[in-house]
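These are the residues of each chain, in order.
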Amino acid sequence: DAYKGWQAQTTECLVLAELTSPHLVVALNKVDMFPEKEREERLKEAEQKVRRRLAKSRFPNALMVGVSACIGGEKVAAATTTSRRR
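Notes on the structure in this doc start here. Computed from a predicted structure; not experimentally measured. (Residues numbered from 1 in each chain as written. Predicted model: local features only at pLDDT ≥ 70, side-chain atom pairs only at ≥ 80, totals over all residues. Heavy atoms only, no water.)

**Comments concerning the overall build of the protein chain**
This is how the line gets drawn: Helix numbering and strand numbering both begin at the N terminus, where a helix is a DSSP run of H or I of at least 4 residues and a strand a DSSP run of E of at least 2. Only protein chains enter the accessibility calculation, which uses a 1.4 Å probe; a residue is then buried when its area is under 20% of its type maximum, exposed when over 50%, and partly exposed in between. Only heavy atoms matter for contacts: two residues are in contact if any of them lie within 4.5 Å across the pair. What sets the accessible areas is the Shrake-Rupley method with a 1.4 Å probe; for residues, cover comes only from the shown protein chains.
Within the protein chain, the secondary structure is distributed over three helices and two strands. Mapped from its N terminus to its C terminus, the protein chain presents α and β elements in the order α-β-α-β-α. When the 86 residues of the protein chain are sorted by exposure, 20% land in the buried category. Considering only intrachain contacts with a sequence separation of at least 6, the fraction spanning at least 24 residues in the protein chain is 71%. Total accessible area computed for the protein chain in this model is approximately 6600 Å², and 54% of it derives from carbon and sulfur atoms.

Here it is in structure tokens:
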């Protein structure tokens, strides 16, 4: 979660990946939660934090991808959904 940062389930996923997979792709989700003007910089910060956590794992050079379920942010998606119901 790029917005909230490293969480307990992230550690659990890393442990499972180290036991079962030779490769890892990290999805930094919820990047739409960052203000658009800050998004690129905040995403870089999130990646750096994850890299520090991965440094001593089997995946120090894992590919990282910023992803979002909403284009334009959740508030825009919620407003669009609400207007469609009318």
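**Some words on the pairing of strand E2 (residues 63-66)**
The line we're drawing: Strands are treated as partners if at least two bridges between them are detected by DSSP. Call a crossover right-handed when, viewed with both strands pointing away from you, the route from the first strand across the helix to the second goes clockwise.
Bridge count for strand E1 (residues 25-28) against E2 is four bridges, and the pairing is parallel. Residue pairing in the sheet places Val25 in a bridge with Leu63 of E2. Crossover handedness for the path E1 to helix H2 (residues 39-54) to E2: right-handed.

**Considerations on unusual backbone geometry**
Here the phi dihedral of Lys30 falls at roughly 65°; this positive angle occurs in a residue that is not glycine. Along the chain, Lys30 falls in the loop between E1 and H2.

**Structural notes on the side chain of Ser57**
Quick note on the threshold: Distance and chemistry together define a polar contact, namely a pair of N or O atoms within 3.5 Å, with one atom able to donate a hydrogen and the other to accept it when in protein, and with adjacent residues in sequence counting only for side-chain atoms on both sides.
Along the chain, the position of Ser57 falls in the loop between H2 and E2. One polar contact links the side chain of Ser57 to the main-chain carbonyl oxygen of Leu54, over a distance of 2.7 Å. Of note is the side chain of Ser57, whose polar atom sits 2.9 Å from the backbone nitrogen of Phe59.

**Describing the layout of surface pockets**
Spelled out, the test is: Site definitions follow a grid-based scheme: protein atoms alone, a 1 Å grid, a 1.4 Å probe that fits but cannot get out for cavities, and for pockets an open set with protein on both sides within 12 Å along at least five of seven lines, plus lining residues having an atom within 4 Å of a point. Grid points are joined across faces, edges and corners, and a volume is the space filled by probe spheres set on the points. Under the grouping applied here, Gly and all other residues not named as nonpolar or charged are polar, the nonpolar ones being Ala, Val, Leu, Ile, Met, Phe, Trp, Tyr, Cys and Pro and the charged ones Asp, Glu, Lys and Arg.
In this model, the largest pocket occupies a volume close to 550 Å³. For the largest pocket, the lining is made up of 26 residues, of which Asp1, Trp6, Thr10, Val26 and Val50 are closest to its centre. Of all the elements in the fold, those that place two or more residues in the lining of the largest pocket are helix H1 (8-20), E1 and H2. Residue composition of the lining of the largest pocket, by class: 15 nonpolar, five polar and six charged.

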